[in-house]
Amino acid sequence: MKEPKASELKKYLQGMAKFPKAKYITAERLSRVVGIYPDVISQNLSYFDPLITMDYEYNLLELVPAMKKFIEEKENKKAPVVKTETVRKNEIDLYDSYFDFIYKKLTVGGMINKSAELSDKDIKILKKLLSEEQARRKGKK
């Protein structure tokens, strides 16, 4: 059984909320409100209790705590968005060519510094400078 999507479960919970005084909600009754076939609802909720697919009179209100817990875990589990550093034109204009970049970043007094390391942003600048050099060389041919 595959995991249901959190958005589908939220839709089911909203549909169940439309029956505030109901003590018993079946997949058939929920399908009329949500607009999804009862078989599909049963299949999605079978993750929580596999007997739902066989029992058409199963009370879906019993699954509400498990559904809420699942949604909460999914939302807390989302990975933070990693922001990548962008290279701007004015940063690239600081260097005349890729060789100038190498000279300024990787040398000390004209001698190559073997222990120098480039940051991710420096690598992106170098990559951009190299692609510009390739474009210039292709234009000459």
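Look above for the structure.
Computed from a predicted model, the values in this text were never measured in an experiment.

1. Side note on empty space enclosed by the protein
Here's step 1: Tallying each qualifying case throughout the model produces one cavity of 30 Å³ or more.
Here's step 2: Taken as a whole, the largest cavity encloses approximately 40 Å³ of empty space.
Here's step 3: Every residue along the wall of the largest cavity is listed here: Ala27, Ser42, Ile52, Asp55, Tyr56, Tyr58 and Leu60.
Here's step 4: The residue makeup of the lining of the largest cavity, split by class, is five nonpolar, one polar and one charged.

2. Digging into the packing of helix H2 (residues 27-34) against helix H3 (residues 38-45)
Here's step 1: Running from amino to carboxyl end, H2 crosses H3 at an angle of 110°, the nearest separation of the two axes being 8 Å. If you check the angle between H2 and H3, you find them roughly perpendicular. Where H2 crosses over H3, the two elements pack in a sense that is right-handed. Touching Ala27, Glu28, Leu30 and Ser31 of H2 are Pro38, Ile41 and Ser42, all from H3.
Here's step 2: Taken together, the residues of the contact of H2 with H3 sort by class into four nonpolar, two polar and one charged.

3. Considerations on helix H1 (residues 6-17)
Here's step 1: Compared with the 16 Å implied by 1.5 Å per residue over twelve residues, the 16 Å span of H1 between its first and last C-alpha is a close match.
Here's step 2: Buried residues in H1 make contact with H2, H3 and helix H4 (64-77).

4. Looking at the packing of helix H6 (residues 98-106) against helix H7 (residues 120-140)
Here's step 1: In the contact formed by H6 and H7, the axes pass within 9 Å of each other and the chain directions differ by 150°. Of the possible angle classes, the one that applies to H6 and H7 is roughly antiparallel. Contacts between H6 and H7 involve Tyr98, Phe101, Ile102 and Lys105 from the former and Asp122, Ile125, Leu126, Leu129, Leu130, Glu133 and Arg137 from the latter.
Here's step 2: Here the contact of H6 with H7 is composed, by residue class, of seven nonpolar, no polar and four charged.

5. What to know about the nonpolar core
Here's step 1: Ranked by size, the top nonpolar core spans 20 residues in total, and within it Tyr12, Leu30, Leu45, Leu60 and Met67 carry the most contacts.
Here's step 2: Residue assignment for this core shows that the elements contributing at least two residues are H1, H2, H3 and H4.
Here's step 3: Contacts of Tyr12, omitting those with residues within four sequence positions, involve Leu30, Val34, Ile36, Val40, Ile41, Asn44, Leu45 and Met67.
Here's step 4: Among the nonpolar cores identified, the runner-up in size contains six residues, and Tyr95, Phe101, Ile125 and Leu126 belong to it.

6. Details of the side chain of Thr26
Here's step 1: With respect to the helices and strands, Thr26 occurs in the loop between H1 and H2.
Here's step 2: A polar contact is formed between the side chain of Thr26 and the backbone nitrogen of Arg29, at a distance of 3.2 Å.
Here's step 3: Once residues lying within four places of it in the same chain are set aside, the contact partners of Thr26 are Tyr56, Glu57, Tyr58 and Leu60.

7. Re the pattern of salt bridges
Here's step 1: Counted under the stated rule, the structure contains nine salt bridges.
Here's step 2: With a closest N to O distance of 2.6 Å, Lys10 and Glu75 form a salt bridge. Taken together, the residues Lys10 in helix H1 and Glu75 in helix H4 connect sequence positions 65 residues apart.
Here's step 3: By relative accessible area, which is 36% here, Lys10 ends up partly exposed.

Rules used throughout
- Note on numbering: residues in each chain are counted from 1, in written sequence order.
- For this predicted model, a pLDDT threshold of at least 70 governs which residues receive local features, and a threshold of 80 or more governs which side-chain atom pairs are given and counted, while totals over whole chains, interfaces and linings are taken from all residues.
- With hydrogens and water excluded, all non-hydrogen atoms of the structure serve as input to the side-chain values.
- We place a 1 Å grid over just the protein atoms. Points where a 1.4 Å probe fits but has no way out form a cavity, open points with protein on both sides within 12 Å along at least 5 of 7 lines form a pocket, and any residue with an atom within 4 Å of a point lines it.
- Grid points are joined across faces, edges and corners, and a volume is the space filled by probe spheres set on the points.
- Residues were grouped as follows: Ala, Val, Leu, Ile, Met, Phe, Trp, Tyr, Cys and Pro as nonpolar; Asp, Glu, Lys and Arg as charged; and all remaining residues, including Gly, as polar.
- Interaxial angles span 0 to 180 degrees and are taken between N-to-C directions of axes, which are lines fitted to C-alpha atoms, for helices over the stretch in contact.
- Only DSSP runs of H or I reaching four residues or more are called helices, and only runs of E reaching two or more are called strands; each is numbered from the N terminus.
- For classification, angles of less than 35 degrees are called roughly parallel, those exceeding 145 degrees roughly antiparallel, those between 65 and 115 degrees roughly perpendicular, and all remaining angles oblique.
- Here is the rule for handedness: rotate from the far helix to the near one, and if that takes an anticlockwise turn smaller than a right angle the crossing is left-handed, while a clockwise turn gives right-handed.
- Only heavy atoms matter for contacts: two residues are in contact if any of them lie within 4.5 Å across the pair.
- Any helix carries an expected span of 1.5 Å times its number of residues minus one.
- Buried residues of nine kinds, namely Ala, Val, Leu, Ile, Met, Phe, Trp, Tyr and Cys, make up a nonpolar core once their side-chain atoms join them within 4.5 Å.
- Note on classification: 1.4 Å probe, protein chains only; a residue is buried when its accessible area is under 20% of the maximum for its type, exposed when over 50%, partly exposed between these limits.
- In protein, a polar contact requires one atom able to donate a hydrogen and another able to accept it; more generally it is a pair of N or O atoms within 3.5 Å, and residues adjacent in sequence count only if both atoms are side-chain atoms.
- The rule for a salt bridge is simple: a side-chain nitrogen of Lys or Arg has to be within 4 Å of a carboxyl oxygen of Asp or Glu.

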